[in-house]
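# Per-entry structural report
As a plain string of letters, each chain reads:
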Amino acid sequence: MAQVVGGYFTSHVPAIGGAIERGDQQEAYWKPFFDGFPPVRQWLAEARPDVAIVFYNDHGLNFFLDAMPTFAVGAAARYDNADEGWGLPVYKSFVGHPNLSWHVIETLVEAEFDITTCQNMKVDHALSIPFELAWPDVGAWPVKLVPIAINTVQFPLPSPRRCLALGQAVGRALRSWKGDERIMVMGTGGLSHQLEGARAGFMNPEYDRFCLDNLATDPAALTAHSAEEVAELAGTQGVEILNWITARGALGDAPQTMVMRNYHVPISNTAAATVVLEPA
Ligand code: DHB
Ligand code: FE
């Protein structure tokens with residue numbers, strides 16, 4: 001029987017990739033953020049996941065404003081990263097798990113989620129950076145990938161309630177999967193940040209704390225707001241918390257144990273957070 005071993009959540013700011021490339025992890029600016037990762041790696045070493053279901057948002061690498069799926073599930077045998085213009089290295093490719101992807105897709109469509117299926121899909125910094133943080137210096141990623149992209153970029157956005165429901169349906173798919181893999185989920189992005197417009201630089205530690213305080217034990221609390229209200233509270237890119245809400249849904253309805261939590265303001269323009277949850 002497959003087992004859902006827990007969830008890893010982190011910000012995915014591109015500048016993290018630059019810090020890794022320069023070896024700046026111990027610099028004063030970066031240390032408080034990178035100090036969150038030894039506990040993540042220790043948890044991964046104990047949880048020994050074989051596959052990662054990753055909830056993230058594409059920032060214009062695979063999808064652009066002309067064709068923007070609300071929810072897109074990868075069903076490829078391989079996923080490549082590519083140059084997005086951030087000046088980052090092109091990161092390692094990922095091995096997919098098409099059979100599990102199709103099981104997730106069939107379960108979601110059966111549950112009346114009208115998703116997009118992608119047998120060809122590039123993955124951007126929102127996926128590669130969390131992997132680089134979790135497994136630095138590996139030759140190949142130790143987990144297979146099922147990527148699930150959520151539109152946090154172009155309005156109208158899915159509601160937090162819909163995202164939690166999608167995640168819960170993914171969780172049902174994982175628990176009904178007949179394989180014997182150890183499955184982890186990831187949610188990337190956030191927390192509060194806004195990159196453009198009159199509120200550029202906006203962050204909201206109070207709302208971030210509300211999210212972090214409720215993620216493990218009462219994720220429904222995060223669905224009290226509409227997507228527009230989340231944009232108001234978290235900033236127009238802080239809506240990436242939708243990825244976290246969806247990933248939390250996939251862990252199931254039972255309260256989770258918070259294995260670790262790190263929060264540091266700012267990394268670039270972002271209030272950065274890292275969390276690991278596991279079944280209580
Ligand atoms: C930044 C944050 C993001 O989530 C992103 O995708 C790009 C940039 C930033 O704070 O610089
Ligand atoms: Fe982002």
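Our structure is the block above this text.
Residues numbered from 1 in each chain as written. Chains lettered and ligands numbered in written order. Predicted model: local features only at pLDDT ≥ 70, side-chain atom pairs only at ≥ 80, totals over all residues. Heavy atoms only, no water.

## Some points on the overall build of the chain
- Counting its secondary structure elements, the chain contains 9 helices and 10 strands.
- Rg of the C-alpha trace for the chain: 17 Å, near the compact-globule value of 19 Å for 280 residues, within the 12% margin.
- Seen along its three principal axes, the alpha-carbon backbone of the chain occupies a region of about 45 × 40 × 40 Å.
- In the form shown here, the chain has an accessible surface area of approximately 11,300 Å², with 50% of it arising from carbon and sulfur atoms.
- When the 18 basic and 31 acidic side-chain charges of the chain are each reduced to a single mean position, those positions are 5 Å apart. (Helix = DSSP H or I, 4+ residues; strand = E, 2+ residues; numbered from the N terminus. Rg over C-alpha atoms; globule rule 2.2 N^0.38 Å. Areas by Shrake-Rupley, 256 points an atom, 1.4 Å probe, with all protein chains shown as cover. Lys, Arg positive; Asp, Glu negative; His and termini not counted. Charge placed at Lys NZ, Arg CZ, Asp CG, Glu CD.)

## So, the coordination of the iron ion (ligand 2)
- At this site the iron ion (ligand 2) is bound by His12 (NE2), His59 (NE2) and Glu240 (OE), with donor distances of 2.0 to 2.2 Å.
- Mapping the donors of the iron ion (ligand 2) onto the primary sequence gives the spacing H-x46-H-x180-E. Remark: histidine 59 occurs in the loop between β2 (51-56) and β3 (71-74) and histidine 12 occurs in the loop between β1 (3-10) and α1 (14-22); sequence separation between them is 47 residues.
- For histidine 12, a relative accessible area of 3% corresponds to the buried category.
- Taking the relative accessible area as the measure of exposure, histidine 59 reaches 32% and is therefore partly exposed. (Donors = N, O, S within 2.8 Å, 3.2 Å for Na, K, Ca; no water. Buried < 20%, exposed > 50% of the residue type's maximum accessible area, 1.4 Å probe, protein only.)

## Describing α1
- Of the positions making up α1, those classed as buried are Pro14, Ile16, Gly17, Gly18 and Ala19.
- In this structure, the buried residues of α1 make contact with α2 (31-34), α5 (125-134) and β9 (256-267).
- Directly after α1, the chain includes glycine 23, whose backbone phi takes a positive value near 75°. (Contact = heavy atoms within 4.5 Å.)

## Topic: the pattern of salt bridges
- Within this structure, the stated rule accounts for 5 salt bridges.
- Here aspartate 24 and arginine 22 are joined by a salt bridge, their closest N and O atoms 2.8 Å apart.
- In this structure aspartate 24 comes out as buried when scored by relative accessible area, which is 16%.
- Look at arginine 22 and you get exposed, because its relative accessible area is 52%. (Salt bridge = Lys/Arg side-chain N within 4 Å of Asp/Glu carboxyl O.)

## With respect to the side chain of arginine 182
- Tracing the chain through its elements places arginine 182 in strand β8 (residues 182-188).
- One buried charged residue, arginine 182, remains without a salt bridge, the closest side chain of opposite sign being aspartate 50 at 5.5 Å.
- A polar contact is formed between the side chain of arginine 182 and the backbone oxygen of arginine 48, at a distance of 3.3 Å.
- Ignoring any residue separated from it by four or fewer positions in sequence, one finds arginine 182 in contact with Gln3, Val5, Glu46, Ala47, Arg48, Pro49, Asp50 and Val51. (Polar contact = N/O pair within 3.5 Å; in protein donor to acceptor, adjacent residues only side chain to side chain.)

## Some points on the sheet that holds β8
- The 8 strands are arranged β6-β3-β7-β2-β8-β1-β10-β9 in an open sheet whose pairing can be described as mixed. Among the strands making up the open sheet, the edge pair consists of β6 (116-118) and β9. For this sheet the average axis-to-axis angle between neighbouring strands, irrespective of direction, equals 15°.
- As paired strands, β9 and strand β10 (residues 270-279) are joined by 9 bridges and run antiparallel to one another. If you follow histidine 264 over to β10, its bridge partner there is alanine 272.
- Helix α9 (residues 241-250) rests against β1, β2, β7 (144-150), β8, β9 and β10 of the sheet, and its axis sits at about 160° to β8. (Pairing = 2+ DSSP bridges. Axes fitted to C-alpha atoms, helices over the stretch in contact; angles between N-to-C directions.)

## Let's talk about the site of ligand 1
- Neighbouring residues of ligand 1: His12, Val13, Pro14, His59, Trp86, His125, His193, Leu195, Glu240, Ser268, Asn269 and Thr270.
- Within the side chain of histidine 12, one N or O atom sits 3.1 Å away from an oxygen atom of ligand 1.
- Taking threonine 270, its side chain carries an N or O atom lying 2.6 Å from an oxygen atom of ligand 1.
- Protein coverage of the free-state accessible area of ligand 1, which is 300 Å², stands at 95%.
- The residue inventory of the shell around ligand 1, partitioned by class, reads 4 nonpolar, 7 polar and 1 charged. (Near = heavy atom within 4 Å. Nonpolar A, V, L, I, M, F, W, Y, C, P; charged D, E, K, R; others polar.)

## Considerations on the pairing of β7
- Taken across its 7 residues, β7 has 6 buried, putting it largely inside the fold.
- The pairing of β2 with β7 spans 6 bridges and is classified as parallel. The partner of valine 54 across the bridge, within β7, is proline 147.
- As judged from the 3 bridges shared by β3 and β7, these two strands associate in the antiparallel manner. For phenylalanine 71, the partnering residue across the bridge sits in β7 and is isoleucine 150.

## Points about unusual backbone geometry
- The amide bond that connects phenylalanine 155 to the next residue, proline 156, takes the cis arrangement and shows omega of 5°.
- Look at the link from valine 265 to proline 266: it is a cis peptide, with omega at -15°.
- Structurally, the position occupied by proline 266 is in strand β9.
- Although it is not a glycine, glutamate 112 sits at a positive phi angle of roughly 70°.
- Relative to the assigned elements, glutamate 112 resides in the loop between α4 (98-110) and β6.

Everything listed is a geometric property; what it means functionally is a separate question.
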